[in-house]
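Residues per chain are reported as follows:
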Amino acid sequence: MSGTERVNDWPESVVVVGAGIVGLSTAWFLQERGVAVTVVDRKGVAAGASWGNAGWVAPGLAIPLNEPSVLRYGLRSLLNPAAPLHVPATVDPGLWAFLTRFAANCRWSSWTRAVRANLQLNDESVEAYEVLASSGVAAPVEDAPIIAGFRTPRQAAGLLHELRRMAEAGQSVDHTALDARRLAEAMPLASQALTAGVRIDGQRYVDPGRFVHALGEAVVARGATVETFEVVDVRTDRKKVVVVGRDGAVLSADSVVLATGAWLSRLAGRWGVRVPVRAGRGYSFTVPVEHPVPGPIYLPDVRVACTPYQGGLRVAGTMEFRSPDAPAAEARVRSIVESTRPLFRGVRWEDRTDVWVGPRPVTPDGRPLIGATGTPGIYVAGGHGMWGLAQGPATGRLLAEQITTGKQPAALRGFDPLR
């Protein structure tokens, strides 16, 4: 507990369901406001999408997924199991209903609405990380530009066009185009196949597993308990909210925050949240390298993100719409390797370790769900897609403000869970 005195009748106790970056950030900022917190997760801290992602705190590249070009690319990729965007053949009607809604939102008006909604969240992303890092979360936040590499200047023009559209929508991004020589200097791993690049300045990155575990330790050190069980029901009981586990465990508090990532719809749907959340699964692994990795690397054309990681390189990519609990598909890892291999030099691809798959929570309109539901005391936070790690601390900070004041911050209006 932070020792902050309560000055109103807002919740004294909150159960946060979900121990990823979003849930733990919400817990930390609630503690900062004097609220007693219990965190519940079915597997423990950083067990979902928070551990193995690329670790980018990159508001400049928080580009909503529902671009018109993604729809065109997705339609071309449906029958290609090696494509970075993959929808396996399935009879799941929920998935096809979701994809139909996603396709309807792949237009510039919806994309621009998502960009504008994200502006304040992105503006607070780096600051929220700095608050955590300077207040007892013992994990570094590294400052480095992200270098995007392309085979041709024409391909680089595609990202430059995206960045211009972002700027027109209000998200200005400091960036510089690079020729082949400057790209090679900035990205020692680049092979001769990469002849153009873009440097995106003002970004950060973290070791995501280390940071989220450190955040969990900080939350516990401030008085929270972390329980490990699967929540199967949330209900109201007089003035309390009751959380029920599959094993019969029961917790009650003044409020609950549902921050269960790709599983969010399972609990939130009964509380008036109609925007679905589906798992857009990403894969990652770590490989040894023979050249320095000064900072994160982005390969837009193969949709791969790379980050310095424990002396090697973490390689992350693909978007696979499959059940969040399905086992990893080795073919997805091989497709990342084969698409990336020609673009790098000095990478020992066959010595990869830490192969991982994580379910990123995706909404059909490119905007997360953050805020109050139709029932007093029940809140949700999730659906950030590929940008949950970047936006998680800012989300927790803003949601904690709403829970403890009863007022929706202006920055959360575009993320209303009841939209």
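Not measured: the values here are computed from a predicted model. The numbering scheme is per chain: residues are counted from 1 as the chain's sequence reads. Predicted model: local features are reported for residues with pLDDT of at least 70 only, side-chain atom pairs are reported and counted for 80 or more only, and whole-chain, interface and lining totals are derived from all residues. Side-chain numbers come from the whole structure's heavy atoms, not from hydrogens or water.

Colleague: In this structure, what is going on with the packing of aromatic side chains? I would like to understand it.
Modeller: Each pair of aromatic rings is reported with the distance of its centres and the angle of its planes. Aromatic contacts are taken between Phe, Tyr and Trp rings whose centres are within 6.5 Å, Trp giving its six-membered ring; a plane angle under 30 degrees counts as stacked, one over 60 as edge-to-face, and the others as tilted. Scanning the model with the defined rule gives eight aromatic pairs in all. Here W56 and Y298 contribute two aromatic rings whose centre-to-centre distance is 5.7 Å and whose plane-to-plane angle is 90°, an arrangement assigned as edge-to-face. Residue W56 is located in strand β3 (residues 56–57), and its partner Y298 is located in strand β16 (residues 297–299); the two are separated by 242 residues in the primary sequence. Both rings, one in F98 and one in F321, keep their centres 5.9 Å apart while their planes meet at 45°; by these two values the pair is tilted. Residue F98 is located in helix α3 (residues 93–104), and its partner F321 is located in strand β18 (residues 312–321); the two are separated by 223 residues in the primary sequence. Strands here mean DSSP runs of E at least two residues long; helices mean DSSP runs of H or I at least four residues long; both are numbered from the N terminus.

Colleague: Could you clarify how one ought to interpret the environment of E168 in this entry?
Modeller: Summarising the element assignment, E168 is placed in helix α5 (residues 153–168). Remark: exposure states derive from per-residue accessible area (1.4 Å probe, protein chains only) relative to the maximum for the residue type, with buried under 20%, exposed over 50%, and partly exposed in between. For E168, a relative accessible area of 62% translates into the label exposed. As for E168 and V115, which are separated by 53 residues in sequence, their C-alpha atoms are 10.0 Å apart.

Colleague: What is the right way to read unusual backbone geometry from this model?
Modeller: Residues apart from glycine generally show negative phi values, whereas peptide bonds are mostly found in trans. Positive phi, normally seen in glycine, also occurs at A46, with a value near 60°. Along the chain, the position of A46 falls in the loop between β2 (36–41) and β3. The class for A46 is buried, based on a relative accessible area of 5%. Located in the positive-phi region is R303, a residue other than glycine, with phi close to 55°. Inspection of the secondary structure assignment puts R303 in the loop between β16 and β17 (304–309). Residue classification places R303 among the partly exposed positions, given a relative accessible area of 34%.

Colleague: Got a minute to help me understand the pattern of salt bridges in this structure?
Modeller: For this document, the term salt bridge refers to a Lys or Arg side-chain nitrogen within 4 Å of an Asp or Glu carboxyl oxygen. Following the criterion strictly, the structure yields 23 salt bridges and no others. For E32, the salt bridge goes to R222, with nearest N and O atoms at 2.7 Å. On the criterion of sequence distance, the pair formed by E32 in helix α1 (residues 21–32) and R222 in the loop between α7 (208–221) and β10 (225–228) is long-range, its members being 190 residues apart. On the accessibility criterion, E32 (35% relative accessible area) is partly exposed. Of the charged contacts in the structure, one is a salt bridge between R266 and D325, with a shortest N-O distance of 3.3 Å. Residue R266 is located in helix α8 (residues 264–268), and its partner D325 is located in the loop between β18 and α9 (330–340); the two are separated by 59 residues in the primary sequence. Classification of R266 as exposed rests on a relative accessible area of 53%. Among the charged side chains, a network of salt bridges with common partners joins E330, E338, R341, E350 and R352.

Colleague: Would you mind showing me how to read α9 here?
Modeller: Along an α-helix, residues three or four positions apart point the same way, because every turn accommodates 3.6 residues. Taken together, the buried positions of α9 are R332, V333, S335, I336, V337 and T340. Next to the buried residues of α9 lie β4 (85–86), β15 (278–287), β16, β17, β18 and β19 (353–362). A contact between two residues is defined here by any heavy atoms of the two lying within 4.5 Å.

Colleague: I'm lost on the sheet that holds strand β13 (residues 250–253) in this one. Help?
Modeller: Hydrogen bonds along the backbone pair up the strands of a sheet, which may run parallel or antiparallel. A strand pair is defined by DSSP finding two or more bridges across the two strands. The three strands lie next to each other as β11-β12-β13, forming an open sheet whose pairing is antiparallel. A strand with exactly one partner marks an edge of an open sheet, and here the two such strands are β11 (231–237) and β13. In this sheet, adjacent strand axes meet at a mean angle of 20° when their direction is disregarded. Pairing geometry for strand β12 (residues 240–245) and β13, over four bridges, is antiparallel. Across the sheet, V244 pairs through a bridge with V250, a residue of β13. The axes are straight lines fitted to the C-alpha atoms, using for helices just the contacting stretch, and the angles between their N-to-C directions are given from 0 to 180°.

Colleague: Just to check I follow, could you spell out the packing of α1 against α7 for this structure?
Modeller: Angle between the axes and distance between the axes: these two values describe a pair of packed helices. Where α1 contacts α7, the two axes come as close as 10 Å, and the packing angle between them is 30°. Judged by the inter-axis angle, α1 sits roughly parallel to α7. Of the two elements, α1 crosses α7, and the hand of that crossing is left-handed. In this structure, α1 contributes I21, L24, S25, A27, W28 and Q31 to the contact, and α7 contributes F211, V212, L215, G216, A218 and V219. If an angle is under 35 degrees, it is roughly parallel; if it is over 145, roughly antiparallel; if it lies from 65 to 115, roughly perpendicular; otherwise it is oblique. Crossing handedness follows the turn of the near helix against the far one: under a right angle anticlockwise gives a left-handed crossing, and clockwise gives a right-handed one.

Colleague: Please explain the pairing of β18 as it appears in this structure.
Modeller: If a strand is regular, its side chains alternate between the two faces of the sheet. By the criterion of burial, β18 is predominantly enclosed, with ten of the ten residues buried. As defined by bridge partners, β4 adjoins β18 across two bridges and the pair is classed as parallel. In the strand pairing of β18, H86 is matched with E320. When β15 meets β18, the two strands line up antiparallel, connected through seven bridges. By the bridge assignment for β18, R281 is matched with E320. The pairing of β17 with β18 spans six bridges and is antiparallel. Across the sheet, the residue bridging to P308 is L313, located in β18. The turn linking β17 back onto β18 is made up of two residues, and Q310 within it adopts a positive phi angle of 50°.

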